[in-house]
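# Survey of secondary and tertiary structure
The chain contents come next:
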Amino acid sequence: MTGPSRSKRRRWVEDVRATVASLRGEVGLFRRLFTYTRPYRGRLFLSWLATAVYAASGALLVSQMKPIFDEALDLGQGVGRISITILVLYSLKGVSSYFSTTLVADAGQHAVTDLRNTLYQHVLGQSFAFLGRSSTGTLMSHITTDVEKIQAAVSELAGDLHKEGLTNVGLAAVLFLMDYRLALISLVGMPLAVHPLVKLGRRLRASNETSLRRGRDISEILPETISGFRVVKAFRMEKFEIGRFRRAASRLLNVNMRITRTTAILPPLMEFVGGLAMVGALVYGSWAIQSDRLTTGAFVAFFTALFAMYTPIKRLSRVNATLQAALAAGSRVFEVLDRHDEVP
């Protein structure tokens, strides 16, 4: 094996190891955050049941495309039965969506509130030495900004990750039940997006940690200038403090734009993968219809399920950005909680 090949292989192995280590760290941090939901397991269980009903209703709605084309439109049969089925499924989907979102959000918001209270209680239980090592702005940033990042992620998890994840499972089941060969052809490109998503996730995590630090800088400047307003005026330091604040705000802006640019890569990437799936399904589907292996209604149902599947996937790719911000904030919060310098 030549030198360049060995170097490439070594870099690839190191990259895989770093990815696995990063994923393990994220899973461990997520599990620790999830421990705060233990008092609300009953609500979470009910929300999962509602989510399962939501996902099943969505998958069954898509499967109705086959009888609509093959029976109702071509033969004029079963129109009433299909219409009632569609109305019932839409009603179930709407009711289950409401309870799924509200129940998981209720449990999540209570858990985040408990985390905020625990953090505040922990800070007040520390010694003067601990408070001397940490500025007021830094502690305020942990209790407000960091916890708010986690709170935003809870809302995203309630709205997208929880429901859309199970919806994709249900739609994938519909695809394979209709035609497993067509399903394999359509979904073969999906693993190609996994590695870029993981790498972008690591980049987002690092950028979000930097963003939180830049936000902390602003939180440190504000108490100093506002509480020392008389001193600033007395020594005519307004221009100095304004310049200091603007530099901090500019650094925060640059980091946030970096996060925006990284996040903006995810939807086009998923759309390209979805486009490959659509082309593969179209080529195979046209051949299957001409060979009488697949009816037009079955293919329309399959194509609808495939299209419906990639819409939640794009939403999940956006949720990844919010989740990385929450993990970065969670690591900072637990860093404070793991520091013990309590007053005896």
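All figures in this text were calculated on a predicted structure; none of them were measured in a lab.

Conventions we followed
Residues numbered from 1 in each chain as written. Predicted model: local features only at pLDDT ≥ 70, side-chain atom pairs only at ≥ 80, totals over all residues. Heavy atoms only, no water. Buried < 20%, exposed > 50% of the residue type's maximum accessible area, 1.4 Å probe, protein only. Helix = DSSP H or I, 4+ residues; strand = E, 2+ residues; numbered from the N terminus. Arc of directions from axis to C-beta. pLDDT = per-residue confidence, 0-100. Patch = residues over 30% accessible without salt bridge, like charges linked within 9 Å, V, L, I, M, F, W, Y side chains within 5 Å. Areas by Shrake-Rupley, 256 points an atom, 1.4 Å probe, with all protein chains shown as cover. Salt bridge = Lys/Arg side-chain N within 4 Å of Asp/Glu carboxyl O. Contact = heavy atoms within 4.5 Å. Phe/Tyr/Trp six-rings, centres within 6.5 Å; stacked < 30°, edge-to-face > 60°. Expected span 1.5 Å × (residues − 1). Axes fitted to C-alpha atoms, helices over the stretch in contact; angles between N-to-C directions. Parallel < 35°, antiparallel > 145°, perpendicular 65-115°, else oblique. Left-handed = near helix turned anticlockwise from the far one by under 90°. Nonpolar A, V, L, I, M, F, W, Y, C, P; charged D, E, K, R; others polar. Core = buried A, V, L, I, M, F, W, Y, C linked by side-chain atoms within 4.5 Å.

### Quick word on helix α7 (residues 180-187)
- Among the residues of α7, those classed as buried are L182, A183, S186 and L187. The arc enclosing the buried residues of α7, seen along the axis, measures out at 120 degrees, which places them on a common side.

### Structural notes on the confidence of the model for the protein chain
- With 85% of its residues at a pLDDT of 70 or more, the protein chain has an overall mean of 79.
- When pLDDT is averaged over each helix and strand of the protein chain, the minimum, 69, is found for helix α1 (residues 3-34) and the maximum, 88, for helix α4 (residues 79-124).

### Brief notes about a nonpolar patch on the surface
- Together, F30, F34, F45, L46, W48 and L49 give the surface a local cluster of nonpolar side chains, amounting to about 580 Å² of exposed area.
- Only α1 and α2 (41-63) provide two or more residues apiece to the nonpolar patch.
- Per-element accounting of the nonpolar patch gives the leading share, 4 residues, to α2.
- Turning to its location among the elements, F34 is positioned in helix α1.

### Points about the environment of P67
- Locating P67 in the fold gives a position in helix α3 (residues 65-73).
- Since its relative accessible area comes to 14%, P67 is described here as buried.
- Here the alpha-carbon distance between P67 and Q77, two residues 10 residues apart in the chain, equals 9.1 Å.
- Setting aside residues up to four positions removed in sequence, P67 forms contacts with A72 and I82.

### Description of unusual backbone geometry
- Located in the positive-phi region is R236, a residue other than glycine, with phi close to 50 degrees.
- Structurally, R236 is set in the loop between α9 (229-234) and α10 (238-290).

### Here we look at the side chain of N208
- For N208, the location among the structural elements is in helix α8 (residues 194-227).
- N208 has contacts with I259, A321, Q324, A325 and A328, leaving out every residue within four places of it along the chain.

### So, the pattern of salt bridges
- Overall, the coordinates contain 9 salt bridges when judged by the stated rule.
- Put simply, R216 and E220 hold a salt bridge, and the shortest N to O gap is 3.9 Å. Taken together, the residues R216 and E220, both in helix α8 and 4 residues apart, mark about one turn of the helix.
- Judged by relative accessible area, which is 24%, R216 ranks as partly exposed.
- A relative accessible area of 23% means that E220 is categorised as partly exposed.
- Notably, a salt bridge pairs R244 with E241, separated by 3.2 Å at the nearest N-O pair. In this pair, R244 and E241 both sit in helix α10, 3 residues apart, roughly one turn of the helix.
- Connected through shared salt-bridge partners, R214, R216, D217 and E220 make up one network.

### Considerations on the packing of aromatic side chains
- Tallied over the entire structure, the rule returns 2 aromatic pairs.
- Consider the rings of Y36 and F334, whose centres lie 6.5 Å apart with planes at 25 degrees: the pair is stacked. Of the two residues, Y36 sits in the loop between α1 and α2 while F334 sits in helix α11 (residues 296-337), which places them 298 residues apart along the sequence.

### Regarding the side chain of S96
- On the secondary structure map, S96 appears in helix α4.
- In contact with S96, other than residues within four places in its own chain, are A50, V53 and Y54.

### Re α10
- The terminal C-alpha atoms of α10 lie 78 Å apart, and with 53 residues this matches the ideal 78 Å at 1.5 Å per residue to within 8%.
- Just downstream of α10 lies D292, where phi reads positive at about 60 degrees.

### Some thoughts on the packing of α3 against α4
- Where α3 contacts α4, the two axes come as close as 10 Å, and the packing angle between them is 155 degrees. Taken together, the axes of α3 and α4 lie roughly antiparallel to each other. In the packing of α3 onto α4, the handedness of the crossing is left-handed. For the pair formed by α3 and α4, the contact residues are P67, I68, E71 and A72 on the first element and V79, R81, I82 and I86 on the second.
- Looking at the contact of α3 with α4, its residues break down into 6 nonpolar, no polar and 2 charged.

### Observations concerning the nonpolar core
- Counting 23 residues, the largest nonpolar core has L175, L182, F302 and L306 as the members making the most contacts within it.
- Elements with a contribution of two residues or more to this core: α2, α6 (136-178), α7, α10 and α11.
- If you tally residues by element for this core, the top one is α11, at 7 residues.
- Excluding residues within four positions of it along the chain, L306 makes contact with L175, S186, L187, A277, M278 and A281.
- In terms of nonpolar packing, the next biggest core, distinct from the first, is built from 20 residues, V112, F130, A328 and V333 among them.

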